[in-house]
Structure formats: C-alpha cells, structure tokens
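# Examination of the molecular architecture
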Amino acid sequence: MSTMAFDKELDLRNLPCPMPVVKISKGIKEVAVGGVVKAVTTDPGALTDFPAWAKTSGNQILGTDEAGGEVSFFIKRMK
Amino acid sequence: MEAQLKNDLVNVFKSKLSSQMLLNLDTCSRCGLCTEACHAYASIPLVKYAPAYRAEVVRRIYKRSFTAQGKFAPVMGEAKEITDAALMELKEAAFSCTGCRRCMVYCPFGIDTQQIMSIAKLLLVAAQAEPETLSMLADMSVSKGENIDAFKEGFLSGIKRLEDQMIQTWRDEAGEDPIPTDVVGADLLYVALAGAHSIIPSARIFNAAGEKWSLSFFEAVNFGAFVGDPTKTKLILDRIVNEAKRLRVKEVCICECGTAVRVAKQLKGAPFKVVSLTEVHARYIRQGRIRLKKLPGSYTYHDPCQIARNGGVYDEPRYILSHLVNDFREMSPDPKYNWCCGGGGGLVAMGDETLDFRMQSAKVKADQVRGSGADVVVTACENCHTQLSDLNKHYGLGKEVRFLSSLVADALLPEPQEARG
Amino acid sequence: MATLYYLILVPMVYLAVAVFVLGTIWRIGRLLAAPSAPPPPPIYPLRKPAWLFAVGDALLLPTVLRHNFRLWLALALFHLGLLALLLGHLELIAEFKILQVVPHGIFLGHGFVGLAVILCLIYFLCRRMVSPTKELSVPEDYLLLVLFLFTALFGAQMDWARTWYDYSSMGVDEYRAYLSSLIALKPNIEGVTSAGHSFMLVGHIFFANLLIMAFPFTKLMHAIFTFAMNKFRRG
C-alpha cells in the first residue's frame, strides 16, 4: 500500500485539534479532481475523523498504511 | 438579496427571540464601558471591535423587523434591513468575537454579547454564508455520530497503537488495559480530542488514581457551537450523552477543551454529572489518589474563558499547581478579568485563515503573558494552548506552553505499594 | 398661544401618560410572552444570594465604579438627582408626610439637584461626541439626552426664575391646583398660564411629555430591564 501513487503529501503528525481535518480539507483542493493526497497522521481520532470527513465531503479513501505508530491515508479527490 | 431569503432570515431571527435574548437586545444604553473589555479592541482600537458595536450590528436588524421604533422611526436607532452587506458585517462581528464574555463583566447590565453574536451566526448559517471550515467540521462530527459502527474499528486500532506505546514507556503503571473503551458500568466516561496528547497523559492519571473509566468514541469539541448551529450542536452533544447512558456511567469527564466543557456543563437533567478534567485531577489529589512531585521552574496559569469565567473552575487549577510547582505567578490580579487568549469562538479551528487577526487582536494577551515573568504558561484548553503557542512564536515570548494535565502526568509519583492493593 | 398652552398642558399630558403606561405594559408583556430558552451560564464566581447582588449591581453600578470613576460619579449624581426630582414632583401633587422626615419646602435641593442633573447631562452629551462612544451612539442617544436637558433646563429655570419674574403669581399652590385638577380629570390651567414665566412651565411639560412617551420605545426601558439582566449574570 505504501507504494500507492499520490500527487501531494501532507504531514499531519502531532497537530492540535482540529488541524488534521482542516488541513486535509484544504489540502485536497490543491490537487486536481481525480488526484490523490497522502496524509500522514499520528492521531487516533483521525482514524474516525478522516472517514467521516470523506463521507460528508464526498471524497474517497483509497486505503491506509500503518507503520511505526503512524497512519497514512490515501485520499482521492472526487469533486 | 432575494425577498424569499430575506423573509426566511427574519423568521430565523425570530426563532432566537427568547425573553432573555429580548433583554440582551433591548437594554444596552451604548455607554461604551465594554469597549476596553474586549481584547480585540484593546489590541486593535477600531470601534468595530467594541462589544457594543458588534451587538449593534445585530441590533439594527432586530430594530427594523421587531420593534415599533425601528418600524416607525428607523433613523432613531439606525435600524437596517437584512442585506448582503449586512450579512458581511454580521460575519465580521460574529467571527471576530471569541465569546469570552469579558465584556459581560464590565457591562452595567450584564449584556451577553456572545448570545447576541449567536443570532449573527445562525443568520449566517441560514444564508449559507458561515465559515466553510467550521460547517465542514460540524458536518464531520455529526456524520461520525450517525455512522459510529462503521468508524469504530479504525478508532480502536488507533487506540491499540497508543496502548502499545504506553506499555512500552510506562511498563509498570500501564496495566493490561491502559486505555479502556466501551466499558459498561464504568464510573467515568472520558471524552477526549482526536490527538494522542489529549489521551495518553489523562490515561496515565486515570490509571494511577485507580479510576474505573472508559474512553469515549467521540471527540469532545462541539463544532456545532463554534459555527452557531443549535441543531448540529445538539446532535454532536447527543452522541456523547447516548454513549454515557449506554455505558451507565456516573460521570462524564470532558478533556481540556473549553467549548466542550461549556456545552456539556449546560446539559440539564442528565443521569450523570459533567466535570472537567481539571476538576477530576484536583479531586484525585485531594483524596490522595495520586501523588505528585514538584517540578522546577516558574509557572503561570491562563484561565480558559469557558472553563473559568463561564464555568466557575478557578480554584481547582490553582490547587493542582500548588502541588506541582513552588514558583507560581498569577497572570491577572483577578482571574475573572483574565484576557481571552484570542483563539475562541472557532477562530483557532479556522486555522491559518484567522492567524493574522488572532495574532493582532491578542496583543494584550501576549503582553500579559510576558508580564507574568513565568517561564512556563500552563492552560487547560486545546484552543488556548494552540493560540498561546502561536502568540509565543509570533511575539517571541520565549515561553513554554503546557497543558495542565500533561504537567500532572509528568509529575506523577509511583503509588505506595499498600495503596495499590 | 392660549390654545397651544392648553394642548400641551392638558391633552398632551394625558396622551403621554397613556402612551407611557400602555407602552410599558406592552413591552413587559412582550417579554413575558416570549419563549424561554435555556439560559447561558452566569459569570463566575457566584455570590449568594444572587438576587441581592443583582439588585446591588443594578442600583450601585459597581462595574462602572471599577472601570470608569468619572462616568460612575456622573451616573450616580444623575440617577439620584432624577429620583430626588421625582419625589419633589410628587410633592407638587400633594404633601406627603413621609417625605417631610427632613422638613423642607418644595424641592429639597433648592435648584441644585436640577443643576447637578444638567451638568451630568452635558457631560453625557460631551462623552457622546468623542470616540469611541461617538461611533457607538445612534440618534436616539442624542435625542434622549437633549429631551432630558430641555426638560431639566426649563424645570430648573422655573425655580430660579422666581427671583427674576413674577414669582408670587405662580408657585406651589398653582402647581398643585393644576396637577390635582389633571388627576381629578377636571383640568384647570388658569393658575399656571397667566404668570410671566408660564412659558417655562409649558416648555418643561412639553419636553417631559415627549420624554415620557419615548420611554417605552427606547433604551430608557433599561430602568426596568436592568434588574432582570443583572439577575441572569449573577445566576
């Protein structure tokens, strides 16, 4: 999964609430529709926040990748 | 603006006119005493940041639609129709107000500017002109509540990873289940934020105190309250209420988040008590359930507005700090008058969008922090922590900004063997 | 001129009282009829009994005293002056034994209360001409101050004018006869329209009528609402 291609990487490690979601929602607009953003986070809450955000914002989580206490989300911009 | 929308907005306004709101709108004598109470005005002396002026922005629309004076002699009170320009003014007024209610302490009548701003926020929501970021966050929180079963697994895997970290770092005290979730019959439900920094120190302290606790699946912060949408505020709070009822807990403990504490403490008739994390930590110390060592350095404490002035938690943080440090310095001679950090009301949650304004409007806060002479600024609110950290960087204050809970966790002494039972 | 005097001294007074009473009842009724929403939190720390502190806040204005002594002094003088003048006017209707605890003629303050009120009003007006109070003010704020000022000027002048005009031809007895006749609904303005300074009485009553009528439709309602507001703040 870590080899999944992406257009932009966002470092969302150790951010205060609610910056991970704020930054991903802004970051996704910086790639073209159909583009993929890789977001790396350390927040346990992000594991529910990101899917909930993707659902309400109409974007798609292609997959996740866990390594060394960090989780990477691969999110495709759908609109 | 279309006539239909204007009509809808007048009806939305009407829905906010409770007896208390009418008093807030009808009593102001525009004496101007509140101007110096607002950190934004004190830092940027533009009259648009004076609380009474912000309130007038809403009041003008109120007068035009709902008062005899505004209908028959609009010029007297500068009564105004709702227009697109008025919406822009409402937005600036509402989202440059942090809802700290310091002006309410100055006002001879006790007019609640934050309540008046809640009308502005609701009108913006109804006109779909509210800050996008805040409504996005509120929608996310609501969706999480509606689909918790779908998201639970991800959350649990995240918690499992934190537990592994805890067991590695604090092998002795972590126990077998350092971060319990979904514990039916727990005494205390802890509602944290998304970040590990809001979970690990608290978990250590709960475990050290021998608390029978359970971590909530939901984040404490209520983005519905920030955006000013009462329906979403309730939906977001209900997620926690329902979880607490299902687990039959006696207490719901809200993490270091001012808005979350404020919103939850306003719950009436719930079968559980709502407490802030700071109150719980003070109780543990008082009951001898945790012991702390003294930390070196000089410390000051920033009272989060929603927890202190609007929540009454003044003594507990000072009690905790008296067990934590030898050199404590008050920031404000009377904590009721503490300056707001300048980050509340959703301003910090809007991130970089509001950074410039947050830094400029909180100059008085930066001066106050500098004036305290302490090395470490302690607080008990996520928003305040973020804002104080930003101020620290922007004004080169050279302080360390810490959460009170993380200091408590750092100072934990191992329990005496006999107490461990 | 006689017709104008009559209109101001009789029908306009009745109209003003009716507007004041009905308007105020309507305003309070509207408040009571409004839905009640869960109240936001009070300002902490709380002091008990909350109602007593709320009454103290409403009457003594401790927050103003703390933050702006000059304004507090003017507000205290102004409001106490109004209270003294109100009591003085009651004595223009009839003699009240209870008010004679300190033996005095009509108007205990010998015109100095009126003067103090006038000075306070001038100070309030000046305050509204400088920033930031200037930008906060709306026409209503100036209009009310001007109405108050004219009412007080004409009223106080009547007392002073006794030495300049034909004092003996219009005094307490004439005022009492006029006001009692109004209350008895048998208006008689003869005694108060023939003196040299009658125009001052007419001016005083004209502006007072306007002020009384404005009461229910302006911020003057703070006189009543302040108690409820302060109670909310105290919890």
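Each residue is numbered by its place in its chain's sequence as written, counting from 1. In the order they appear in the text, chains get letters beginning with A and ligands get numbers beginning with 1. Per-residue local features of the predicted model are confined to residues with pLDDT of at least 70, and side-chain atom pairs are confined, for both listing and counting, to 80 or more; whole-chain, interface and lining totals are unaffected and use all residues. As a rule here, side-chain values cover all heavy atoms of the structure and leave hydrogens and water aside.

## Focus on the overall build of chain C
Put simply, the test is: A run of DSSP states H or I qualifies as a helix once it reaches four residues; a run of E qualifies as a strand once it reaches two. Both are numbered from the N-terminal end. Here's how the labels work: a residue is buried when its accessible area is under 20% of the maximum for its type, exposed when over 50%, partly exposed in between, all with a 1.4 Å probe on protein chains only. In what follows, a contact means two residues having at least one pair of non-hydrogen atoms within 4.5 Å. Calculation of accessible area relied on Shrake-Rupley with a 1.4 Å probe; when residues are assessed, cover is drawn exclusively from the protein chains displayed.
Per the secondary structure count, chain C includes 12 helices and zero strands. Seen in sequence order, chain C has helices and strands lined up from the N terminus as α-α-α-α-α-α-α-α-α-α-α-α. Dimensions of chain C, computed from C-alpha atoms along their principal axes, come out at roughly 60 × 40 × 40 Å. The buried share of chain C, reckoned over its 235 residues, is 44%. Long-range contacts, defined as pairs at least 24 residues apart, comprise 77% of the intrachain contacts of chain C with a sequence gap of at least 6. As presented, chain C carries roughly 12500 Å² of accessible surface, and 75% of it is formed by carbon and sulfur atoms.

## Concerning the domain arrangement of chain B
Residues and elements named next belong to chain B. Filter applied, for reference: These domain boundaries are the output of an automatic or database domain assignment. We define buried area as the total accessible area lost by two parts upon association, computed with a 1.4 Å probe and summed across both. We define a salt bridge as a contact between a side-chain nitrogen of Lys or Arg and a carboxyl oxygen of Asp or Glu at a distance within 4 Å. Throughout this description, a polar contact denotes any pair of N or O atoms lying within 3.5 Å of each other; where both atoms belong to protein, one of them has to be capable of donating a hydrogen while the other can accept it, and for residues adjacent in sequence the pair is counted only when both atoms sit in side chains.
One can read the domain layout of chain B as domain 1 (3–130), domain 2 (135–286) and domain 3 (295–411). Taking only C-alpha atoms, the centre of domain 1 and the centre of domain 3 are 29 Å apart. With 21 residues of domain 1 in contact, the opposing surface of domain 3 contributes 21 residues. Of the roughly 1600 Å² buried at the junction of domain 1 and domain 3 (both faces included), carbon and sulfur atoms supply 63%. When the area that domain 1 buries against domain 3 is broken down by residue, the three leading residues are H39, T98 and R102, summing to 34%. Remark: the boundary between domain 1 and domain 3 carries zero salt bridges. For the interface between domain 1 and domain 3, the tally reads 10 residue pairs in polar contact (both at pLDDT 80 or more). Those elements giving two or more residues to the side of domain 1 that touches domain 3 turn out to be α3 (39–43), α8 (102–106) and α9 (113–126). Ranked by the residues each element gives to the side of domain 1 that touches domain 3, the list is headed by α3, at four residues.

## Brief notes about the sheet that holds strand β8 (residues 400–403) of chain B
Residue and element names in this part refer to chain B. Heads up, the rule is: Any two strands with at least two DSSP-identified bridges between them are counted as paired. The convention used is that axes are lines fitted to C-alpha atoms, helices contributing only their stretch in contact, and that angles between N-to-C directions extend from 0 to 180 degrees.
The parallel open sheet is built from four strands, whose spatial order is β6-β5-β7-β8. For this open sheet the edge positions go to β6 (325–329) and β8, each flanked by a neighbour on one side alone. Taken pair by pair, the neighbouring strands of this sheet meet at an average axis angle of 35 degrees, ignoring direction. Here strand β5 (residues 295–302) pairs with strand β7 (residues 376–379) via four bridges, running parallel.

## Focus: the interface of chain B and chain C
Threshold: Here the term charged refers only to Asp, Glu, Lys and Arg, the term nonpolar to Ala, Val, Leu, Ile, Met, Phe, Trp, Tyr, Cys and Pro, and the term polar to all other amino acids, Gly among them.
Tallying the contact residues gives 54 residues for chain B and 46 residues for chain C. In total, about 4200 Å² of surface goes out of reach between chain B and chain C, with carbon and sulfur atoms giving 62% of it. For the chain B face of the interface with chain C, the top three residues by lost area are Q20, L23 and R30 of chain B, together amounting to 16%. The tally of links from chain B across to chain C stands at five salt bridges. For R30 of chain B, the salt bridge is made with E140 of chain C, and the minimal N-O distance between the two is 3.8 Å. Joining chain B to chain C, the criterion identifies 22 residue pairs in polar contact (both at pLDDT 80 or more). Broken down by secondary-structure element, the contributors of at least two residues to the side of chain B that touches chain C are α2 (19–26), α4 (51–66), α5 (68–72), α6 (74–77) and α8 of chain B. Residues of the side of chain B that touches chain C, tallied by class, amount to 26 nonpolar, 16 polar and 12 charged.

## What about the interface of chain B and chain A?
A common measure of how large an interface is: the accessible area buried when the components associate. The interface is formed by 33 residues belonging to chain B together with 27 residues belonging to chain A. In this assembly, chain B packs against chain A so that about 2300 Å² is buried in total across both faces, 66% of it on carbon and sulfur atoms. The largest share of the area that chain B buries against chain A comes from M140, R161 and A194 of chain B, three residues that together contribute 26% of it. Put simply, E66 of chain A and R161 of chain B hold a salt bridge, and the shortest N to O gap is 2.9 Å. Where chain B meets chain A, there are eight residue pairs in polar contact (both at pLDDT 80 or more). If you list the elements that add at least two residues to the side of chain B that touches chain A, you get α10 (132–146), α11 (148–169) and α21 (382–394) of chain B. A breakdown of the residues in the side of chain B that touches chain A according to their chemical character gives 15 nonpolar, 10 polar and eight charged.

## Considerations on the pairing of strand β1 (residues 188–191) of chain B
All names here are of chain B. Heads up, the condition is: Here a crossover is taken to be right-handed if, once the strands point away from the viewer, the path from the first strand over the helix to the second is traced clockwise.
Here β1 shows a buried face lined by L188 and Y190 and a second buried face lined by L189 and V191. Two strands pair when backbone bridges link them, and β1 and strand β2 (residues 213–215) are joined in this way by three bridges, in the parallel orientation. If you follow Y190 over to β2, its bridge partner there is L215. Between the parallel pair β1 and β2, the chain is carried across by helix α13 (residues 200–208), and the sense of this crossover is right-handed. Of the pairings in the sheet, the one linking β1 to strand β3 (residues 251–254) comprises four bridges and is parallel in character. Looking at the pairing, L189 lines up with V252 of β3.

## Some remarks on empty space enclosed by the protein
Inclusion rule: Any residue with an atom within 4 Å of a point lines the site, the site being either a cavity, points on a 1 Å grid over the protein atoms alone where a 1.4 Å probe fits but cannot get out, or a pocket, an open set with protein on both sides within 12 Å along at least 5 of 7 lines. Grid points are joined across faces, edges and corners, and a volume is the space filled by probe spheres set on the points.
Applying the stated criterion to the full structure yields 11 cavities of 30 Å³ or more. Taken as a whole, the largest cavity holds about 210 Å³ of empty space. Forming the walls of the largest cavity are 18 residues, and the residues nearest its centre are D26 and T67 of chain B together with R27, F217 and T218 of chain C. Among the secondary structure elements, those contributing two or more residues to the lining of the largest cavity are α2, α4 and α5 of chain B together with α2 (11–33) of chain C. When the residues that make up the lining of the largest cavity are grouped by side-chain class, the tally is seven nonpolar, three polar and eight charged. Approximately 150 Å³ is the volume found for the second largest cavity. Along the walls of the second largest cavity sit 17 residues, with C28, C34, A52, C107 and I111 of chain B positioned nearest its centre. Per-element tally for the lining of the second largest cavity: the top contributor is α4 of chain B, with four residues. A class-by-class count of the residues in the lining of the second largest cavity yields 12 nonpolar, three polar and two charged.

## Points about the layout of surface pockets
All names here are of chain B. Estimated volume of the second largest pocket: approximately 1300 Å³. Elements supplying a minimum of two residues to the lining of the second largest pocket: α2, α9, α14 (223–227), α15 (230–247), α16 (258–265) and α21. Among the elements that make up the lining of the second largest pocket, the one with the highest residue count is α9 (five residues). Of the residues in the lining of the second largest pocket, the class split is 22 nonpolar, 19 polar and six charged.

## Some words on the packing of aromatic side chains
What counts, and what does not: Within 6.5 Å between ring centres, the rings of Phe, Tyr and Trp (the latter by its six-membered ring) count as paired, and their orientation is classed by plane angle as stacked under 30 degrees, edge-to-face over 60, tilted in between. Consider the ring centre and the ring normal. A charge sits over the ring if Lys NZ or Arg CZ is within 6 Å of that centre and within 35 degrees of that normal.
In this structure the tally under the stated criterion is 21 aromatic pairs over all chains. For the ring pair F206 of chain C and F207 of chain C, a centre distance of 5.2 Å and an interplane angle of 75 degrees mean the geometry is edge-to-face. F206 of chain C sits in the partly exposed class, given a relative accessible area of 29%. Classification of F207 of chain C by relative accessible area gives buried; the value is 16%. Through successive ring pairs, a cluster of aromatic residues spans Y190, F206, W213 and Y284 of chain B. The ring centre of Y53 of chain B lies 5.4 Å from the NZ or CZ of R60 of chain B, which sits over that ring. Here the guanidinium or amino end of R102 of chain B rests over the ring plane of W339 of chain B, the centre of that ring lying 3.7 Å away.

## A few points about the pattern of salt bridges
Residue and element names in this part refer to chain B. Counting across every chain of the model gives 44 salt bridges over all chains. A salt bridge links E89 to R60; the shortest N-O distance between them is 3.7 Å. Here the residue E89 occupies a position in helix α7 (residues 84–94), and R60 occupies one in helix α4, the gap between them amounting to 29 residues. Looking at R60, the relative accessible area reads 8%, which means it is buried. Taking the shortest distance from any N to any O, the salt bridge between E211 and R289 comes out at 3.5 Å.

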